[in-house]
Amino acid sequence: MQSPAPDAPILFFDSGLGGLTVLGPTRALLPTAPIVYAADYAGLPYGQKSEDELAARVPALLGRLVERYQPRLAVIACNTASTIALAHVRAALDLPIVGTVPAIKPAAKLTKSGVIGVLGTEATVRQPYVDDLSARFADGKTVLRHGSPGLVTGAEAKLRGEPVDPAVIARAIAGLRDQPGGDAIDVIVLACTHFPLLADELQTAAGPGVKLIDGADGIARRIADLTKGQPWPAVATPGLAVFTRSAERPPPPLATLAPYGIDRIETI
Ligand code: DGL
């Protein structure tokens, strides 16, 4: 494959700000990589959309973004979009696509009790993709799942500096623990990219005997691997954030995104 131009960006895509939890560790590995971070605020929350809707919406939107920003690689930094639409996106677009799928494999290696919790969106936890990951990598273990839309709202609020309702956190943990066998959970997979933004709150509610894991570091390593040997700018270029236009949800203040190396916001 021809080498990309040094200024060809990596495109990150999520319904909202959750994908920043994947951008963070990627920036640490590739500090000068040009970044376009795209959030589909007009479609948030994905977790409450149907499979058909997402299987059509995500490839179409990514197609527009790829045409506009000409990235060298695209990262679907969203478990909901990845578990539903990754194959559709790969079929539709001619560039490397990295997906984000629940970290069930590392969780199965970590658990001592043999009971793993998976906390995702409602759409993610019902996916056959999750059945498949559990059958392949957590054979003989119990995988309990719970979908929490409240955590998505809570994570968006927290990043904007607004308070997070403690009842939402408690309900999310109870949604796993209150299932039969749930009190033996010793590893919880954060299977939505928004949820690591609430890791401290979730850890406090789950207690010290539970380990929380997510896939962000592994995805960052995969991105670095796939772009190995490619040219990058000599110094870091400020990133761009793109939001699909939503009447109810304006883009966040730039200060929210600045810690992730973003200094410009566009609305499309
Ligand atoms: N951040 C997304 C995920 O990883 C979903 C949030 C939503 O739009 O419901 O699943």
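Residues numbered from 1 in each chain as written. Predicted model: local features only at pLDDT ≥ 70, side-chain atom pairs only at ≥ 80, totals over all residues. Heavy atoms only, no water.

1. Section: the packing of aromatic side chains
Alright, step 1. Evaluation of the coordinates by the stated rule reveals 2 aromatic pairs.
Alright, step 2. For the ring pair Phe13 and Tyr46, a centre distance of 6.4 Å and an interplane angle of 45 degrees mean the geometry is tilted. One end of the pair, Phe13, is in strand 1 (residues 10-14); the other, Tyr46, is in the loop between strand 2 (35-39) and helix 2 (51-69), and 33 residues separate them in sequence. Each member of the pair Phe13 and Tyr46 is classed as buried.
Alright, step 3. Cation over ring: Arg72 sits above Trp232, and NZ or CZ is 3.8 Å from the ring centre.
Alright, step 4. Taking the ring centre of Tyr41 as reference, the NZ or CZ of Arg249 above it sits at 5.5 Å. (Phe/Tyr/Trp six-rings, centres within 6.5 Å; stacked < 30°, edge-to-face > 60°. Helix = DSSP H or I, 4+ residues; strand = E, 2+ residues; numbered from the N terminus. Buried < 20%, exposed > 50% of the residue type's maximum accessible area, 1.4 Å probe, protein only. Lys NZ or Arg CZ within 6 Å of the ring centre and 35° of its normal.)

2. What about the layout of surface pockets?
Alright, step 1. Each pocket or cavity is described by its volume, and for the largest pocket that value is around 550 Å³.
Alright, step 2. In terms of lining residues, the largest pocket is bounded by 23 residues, among which Gly99, Val101, Gly215, Gly218 and Ile219 are the most central.
Alright, step 3. Looking at the lining of the largest pocket, the elements that each hand over two or more residues are helix 3 (79-92), strand 4 (97-98), helix 4 (104-110), helix 6 (128-137) and helix 10 (216-226).
Alright, step 4. Looking at which element gives the most residues to the lining of the largest pocket, the answer is helix 10, with 6 residues.
Alright, step 5. Looking at the lining of the largest pocket, its residues break down into 13 nonpolar, 4 polar and 6 charged. (1 Å grid on protein atoms, 1.4 Å probe; cavity = no way out; pocket = protein on both sides within 12 Å on 5 of 7 lines; lining within 4 Å. Points joined across faces, edges and corners; volume = space filled by probe spheres on them. Nonpolar A, V, L, I, M, F, W, Y, C, P; charged D, E, K, R; others polar.)

3. Here we look at the site of the ligand
Alright, step 1. Taken together, the neighbourhood of the ligand is formed by 14 residues, with Ser15, Tyr46, Asn79, Thr80 and His194 sitting nearest.
Alright, step 2. Within the side chain of Asp14, one N or O atom sits 3.0 Å away from a nitrogen atom of the ligand.
Alright, step 3. In isolation the ligand offers 300 Å² of accessible surface; the protein chains occlude 100% of this area.
Alright, step 4. Judged by the proximity of its atoms to the pocket grid, the ligand belongs to the second largest cavity.
Alright, step 5. The residue makeup of the shell around the ligand, split by class, is 6 nonpolar, 7 polar and 1 charged. (Near = heavy atom within 4 Å. Polar contact = N/O pair within 3.5 Å; in protein donor to acceptor, adjacent residues only side chain to side chain. Areas by Shrake-Rupley, 256 points an atom, 1.4 Å probe, with all protein chains shown as cover. Sits in = over half its atoms within 2 Å of the grid points.)

4. A word on the sheet that holds strand 3 (residues 73-76)
Alright, step 1. With respect to topology, 6 strands assemble into an open sheet ordered 4-3-1-2-9-10, the strand pairing being parallel. Strands at the two margins of the open sheet, each flanked by one partner only, are strand 4 and strand 10 (262-267).
Alright, step 2. In this structure, strand 9 (residues 239-243) lies alongside strand 10, joined through 5 bridges in parallel fashion. Across the sheet, residue Ala241 finds its bridge partner in strand 10, namely Ile265.
Alright, step 3. Of the strands in this sheet, strand 1, strand 2, strand 3, strand 9 and strand 10 are in contact with helix 1 (residues 20-29), which crosses strand 2 at around 170 degrees. (Pairing = 2+ DSSP bridges. Contact = heavy atoms within 4.5 Å. Axes fitted to C-alpha atoms, helices over the stretch in contact; angles between N-to-C directions.)

5. Here we look at the nonpolar core
Alright, step 1. Counting 47 residues, the largest nonpolar core has Phe12, Val75, Ile188 and Leu202 as the members making the most contacts within it.
Alright, step 2. The element contributing the most residues to this core is helix 8 (residues 166-177), with 5 residues. (Core = buried A, V, L, I, M, F, W, Y, C linked by side-chain atoms within 4.5 Å.)

6. Some words on the environment of Pro4
Alright, step 1. Among the structural elements, Pro4 can be located in the segment before strand 1.
Alright, step 2. Once the C-alpha coordinates of Pro4 and Ala81 are considered, the two residues, 77 residues apart in sequence, prove to be 26 Å apart.
Alright, step 3. Setting aside residues no more than four positions away along its own chain, Pro4 makes contact with Arg72, Gln230 and Pro231.

7. As for the side chain of Arg27
Alright, step 1. Mapped onto the fold, Arg27 is located in helix 1.
Alright, step 2. Of the side chains bearing the opposite charge, Asp263 lies closest to the buried Arg27, which forms no salt bridge; the N-O distance is 8.1 Å.
Alright, step 3. If sequence neighbours within four positions are ignored, Arg27 has contacts with Ala33, Ile35, Thr237, Gly239, Tyr260 and Gly261. (Lys, Arg positive; Asp, Glu negative; His and termini not counted. Salt bridge = Lys/Arg side-chain N within 4 Å of Asp/Glu carboxyl O.)

8. Some points on helix 3
Alright, step 1. Look at helix 3: 19 Å from first C-alpha to last across 14 residues, which is about the 20 Å you get at 1.5 Å a residue.
Alright, step 2. Within helix 3, the axis deviates most sharply at Ala85, by approximately 70 degrees.
Alright, step 3. All of the buried residues along helix 3 are Asn79, Thr80, Ala81, Ser82, Thr83, Ile84, Ala85, Leu86 and Val89.
Alright, step 4. Buried residues along helix 3 sit in contact with helix 2, strand 3, strand 4, helix 5 (122-125) and helix 6. (Expected span 1.5 Å × (residues − 1). Bend = angle between axes of the 7 residues up to and from the residue.)

9. A word on the state of the cysteines
Alright, step 1. Counted by the stated rule, this structure contains 0 disulfides.
Alright, step 2. Between Cys78, a free cysteine, and Cys192, which holds the nearest cysteine sulfur, the sulfur-to-sulfur gap is 6.6 Å.
Alright, step 3. Overall, the relative accessible area of 4% leaves Cys78 in the buried class.
Alright, step 4. Its relative accessible area of 6% is what places Cys192 among the buried residues. (Disulfide = S-S within 2.5 Å.)

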